[in-house]
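Residues per chain are reported as follows:
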Amino acid sequence: MEKISGAQALIKALLNEGVDTIFGYPGGAIIPVFDAMYDFYNDFKYVLTRHEQGAVHSAQGYARVSGKTGVCIVTSGPGATNTITGIGDAMLDNTPLVVITGQVGKAMLGTDAFQEIDVVGITQPITKWSYQIRDEKEIAWAVARAFYIANNGRPGPVVLDFTKNAQTALVEFKPEKCDFIRSYIPTLPIKNEKVEKAAELINNAKKPLALVGHGVTIGKAEEELKAFLEIADIPAAWTMLGESAMATDYPLNKGMLGMHGNIGPNIKTNECDLLIAIGMRFDDRITGDLNTYAKQAKVIHFDIDPAEINKNVKADVAILGNVKETLPAVTKLLNKNEHKEWIASFDEYDKKEFDSVINKEVYPTEGPIKMGEVVRKISDATNRKAILVTDVGQNQMAAIRYFQFTEKRSVVTSGGAGTMGFGIPAAIGAKIAAPERTVCLFCGDGGFQMTMQELGTIMQENIGIKMIIMNNNFLGMVRQWQELFYNERYSSTPLVNPDFTTIASAYGIKSRLVNEREELDGAINEMLADDKSFLLIVNVDMKELIYPMIPAGGSVTNILIN
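Just so we're clear, the structure is a prediction, and the values are computed from it rather than from any experiment.

## With respect to the overall build of the protein
Link 1 in the chain: When its secondary structure is counted, the protein shows 24 helices and 20 strands.
Link 2 in the chain: Over its C-alpha trace the protein gives a radius of gyration of 24 Å, about what one expects of a compact globule, namely 24 Å for 562 residues.
Link 3 in the chain: Counting only C-alpha atoms, the protein reaches 70 × 60 × 45 Å along its principal axes.
Link 4 in the chain: Split into buried and exposed, the 562 residues of the protein put 59% on the buried side.
Link 5 in the chain: Total accessible area on the protein is roughly 22,400 Å²; 49% of this is exposed by carbon and sulfur atoms.
Link 6 in the chain: Looking at the protein, you have 56 positive and 68 negative side-chain charges, and the mean spots of the two groups are 3 Å apart.

As structure tokens, then:
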């Protein structure tokens, strides 16, 4: 068998896993791999980001939209440590990634050599698996194992730290596939007695409420969810990462859960007699005070990970497995049912929220421009078919609340980590994963500046992303907390911003600044007129607060609306 370099073997192993896109940034300890990539550019797309953090977030955006495992390759030392934020973000949001880092040669390990960092030690707590490839004979095995772990069971990131000696040594390469690891059981068998008990609880429930999480999207179980909800006539609400698992206008979709969620689903959480959690982990931003959360309800918890069962909320019935399989197993045992009065009881809260919050935020007729009206106008202008990507902060909450959807896999946002700077690179990955779809990125002025160097990636790759900065000259969400809970002491939140239009121009990106409401429709139409990138800067109300809001640690019924 012909011998090839370890670097070439790595590329062949990636291609064997079906990799078609790689994000990355080169450096000394990974040069052999990038040199090997030179001969394979016809076999995959390589995207040179402007920072390693951007590479990981781009791989996340790609993975979230495509349903595949995202891949990025970076160098050792600071190249590797620059990926940590993205790796941690991917771990919390269950995004499958394989991150390959360069490393000094095996003989130099432990000598504090130039750009030597203990990557495995740093990343073990925030990955599903972190492994150092020291021998070229391990390459095919390690890559196959990495992809199996990253994308089976509860998805997440894997790191392969690749020593330089293993990159340059010659090896007889034979591709491998991994479909079993003795010490790793990604999905447990479905227990029929649990399925039967869950079906019994659902059939007897008078006020059931389903909580739809990211696991439905990860499991590609959107149709199975609909079948489950419809036969038993169960109203459903969603977590931020579970949003596009149901179309916005789906009749049983009752809105968003949690701190900035809709009033109805939050109130009804403490009124239902059966709470059905589907692929969600009862995050603190959803539950608020656990001592007052859904104490009146029986709880059914569908999840793929045993570690999530009873972690925060005690389940009366736990159904372990991929929801694409466990939901139909329960659905087969459900009686056709109706809960008209229970479902209609959400209406009064919908009206209250519309009158108190939504009408003022989405349909104002005077005063400063509101974030909600910007989001809804753009959503409508894209016929609710666009992919929404957000950064983090008030812009994120407004976008998640008011952007609307008709298609699945349409939301890319940083949930568990809340990573400012996530937006631009994640939008790059999302657009590469779905070039035929419109990608709308909403940022605040603070988060945009954290990774705006990735405008260079957009320019070089000619990627058409619609970027919207909702500019209030503040770190808006921190300012909101300072106003509500810290006596309006605005410490380190006011921002003096650059001329964003000049920055866009430097990268060859068209832009437009909007100050007045009357300009907004025309600017949106200009932005959406072609497939090229566009930066829309909208100066919004700097004093705007995102409501409803449940104070951190408060009960889901303690909702502030003004």
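Still more ground to cover, so stick around.
## A few points about the sheet that holds strand β2 (residues 21-24)
Link 1 in the chain: Strand order in the open sheet formed by six strands is β3-β2-β4-β5-β7-β6, and the pairing between neighbours is parallel. Looking at strand neighbours, the two that pair on one side only are β3 (45-48) and β6 (129-133), the edges of this open sheet. The mean angle between the axes of side-by-side strands here comes to 20°, regardless of whether they run parallel or antiparallel.
Link 2 in the chain: For strand β5 (residues 97-103) and strand β7 (residues 157-163), the ladder comprises seven bridges, and the chain directions are parallel. Residue pairing for β7: Val99 is matched across the bridge by Val159.
Link 3 in the chain: Packing against the sheet, helix α1 (residues 6-16) makes contact with β2, β4 (70-74), β5 and β7, and its axis sits at approximately 160° to β7.
Link 4 in the chain: Contacts from helix α7 (residues 139-151) reach β4, β5, β6 and β7, with the element oriented near 170° to β6.

## Examining the packing of aromatic side chains
Within a pair of aromatic rings, the relevant descriptors are the distance that separates the centres and the angle that separates the planes.
Link 1 in the chain: Applying the stated criterion to the full structure yields 18 aromatic pairs.
Link 2 in the chain: Geometrically, the ring pair formed by Phe403 and Phe405 is tilted, given 5.6 Å between the ring centres and 50° between the ring planes.
Link 3 in the chain: Accessibility expressed as a relative area gives 1% for Phe403, which makes it buried.
Link 4 in the chain: Residue Phe405 is classed as buried on the basis of its relative accessible area, which comes to 1%.
Link 5 in the chain: Each ring, one from Phe403 and one from Phe442, has its centre 5.9 Å from the other, and the planes form 70°; the classification is edge-to-face.

## Some details on the environment of Ala434
Link 1 in the chain: Note that Ala434 resides in the loop between α19 (423-433) and β17 (439-444).
Link 2 in the chain: In this structure Ala434 comes out as buried when scored by relative accessible area, which is 4%.
Link 3 in the chain: C-alpha of Ala434 to C-alpha of Pro157: the two residues are 277 residues apart in sequence and 22 Å apart in space.
Link 4 in the chain: In this structure Ala434 touches Val65 and Ile387, once residues within four positions along its chain are discounted.

## A word on the sheet that holds strand β14 (residues 317-320)
Link 1 in the chain: Taken in spatial order, the six strands make up an open sheet running β11-β10-β9-β12-β13-β14, and their pairing is parallel. Edge strands, defined here as strands with exactly one partner in the open sheet, are β11 (253-256) and β14. Looking at each pair of strands side by side, their axes are set apart by 20° on average, direction ignored.
Link 2 in the chain: Bridging between strand β12 (residues 274-278) and strand β13 (residues 298-303) involves five bridges; their strand directions are parallel. Bridging from a neighbouring strand, Ala277 pairs with His301 of β13.
Link 3 in the chain: The strands touched by helix α14 (residues 323-331) within the sheet are β12, β13 and β14, with β13 carrying the most contacts at an inclination of about 140°.

## Here's the deal with helix α3 (residues 52-66)
Link 1 in the chain: The first and last C-alpha atoms of α3 sit 21 Å apart over 15 residues, in line with the 21 Å expected at 1.5 Å per residue.
Link 2 in the chain: For α3, the buried fraction is high: 14 of the 15 residues fall into the buried class.
Link 3 in the chain: In the stretch just after α3, Gly67 is the one whose phi turns positive, near 80°.

## Notes on the nonpolar core
Link 1 in the chain: In terms of nonpolar packing, the biggest core is built from 98 residues, with Phe228 and Phe442 touching the most fellow members.
Link 2 in the chain: In this structure Phe442 touches Val374, Val375, Ile378, Leu388, Val389, Thr390, Asp391, Asn395, Ala399, Phe403, Ile468 and Met470, once residues within four positions along its chain are discounted.
Link 3 in the chain: Formed by 42 residues, the second largest nonpolar core is a distinct cluster that contains Val47, Tyr62, Leu97 and Cys443.

What counts and what doesn't
Numbering of residues starts from 1 in every chain and runs along the sequence as written. Given that this is a predicted model, residues contribute local features only at a pLDDT of at least 70 and side-chain atom pairs are listed and counted only at 80 or more, while totals for whole chains, interfaces and linings are drawn from all residues. To obtain the side-chain values, all non-hydrogen atoms of the structure were used and water was disregarded. Only DSSP runs of H or I with at least four residues qualify as helices, and only runs of E with at least two residues qualify as strands; both kinds are numbered from the N terminus onward. Here the globule rule reads 2.2 Å times residues to the power 0.38, and the radius of gyration is calculated from C-alpha atoms. Burial status follows relative accessibility: with a 1.4 Å probe on protein chains alone, a residue under 20% of its type maximum counts as buried, one over 50% as exposed, and anything between as partly exposed. Method for areas: the Shrake-Rupley scheme with a 1.4 Å probe, in which residue coverage is limited to the protein chains shown. Charge assignment: positive for Lys and Arg, negative for Asp and Glu; neither His nor the chain ends contribute. By convention, the charge on Lys lies at NZ, on Arg at CZ, on Asp at CG and on Glu at CD. In this scheme, strands are said to pair when DSSP sees at least two bridges between them. In this analysis, axes come from line fits to C-alpha atoms, helices being fitted only over the stretch in contact, and the angle between any two N-to-C directions falls in the range 0 to 180 degrees. Contacts are assigned to residue pairs with any non-hydrogen atoms lying within 4.5 Å of each other. In this scheme Phe, Tyr and Trp rings, the latter by its six-membered ring, pair at centre separations within 6.5 Å, and the angle between planes marks the pair as stacked below 30 degrees, edge-to-face above 60, and tilted otherwise. In this scheme, a helix's expected span is set at 1.5 Å multiplied by one less than its residue total. To form a nonpolar core, buried Ala, Val, Leu, Ile, Met, Phe, Trp, Tyr and Cys residues must be joined to one another through side-chain atoms within 4.5 Å.

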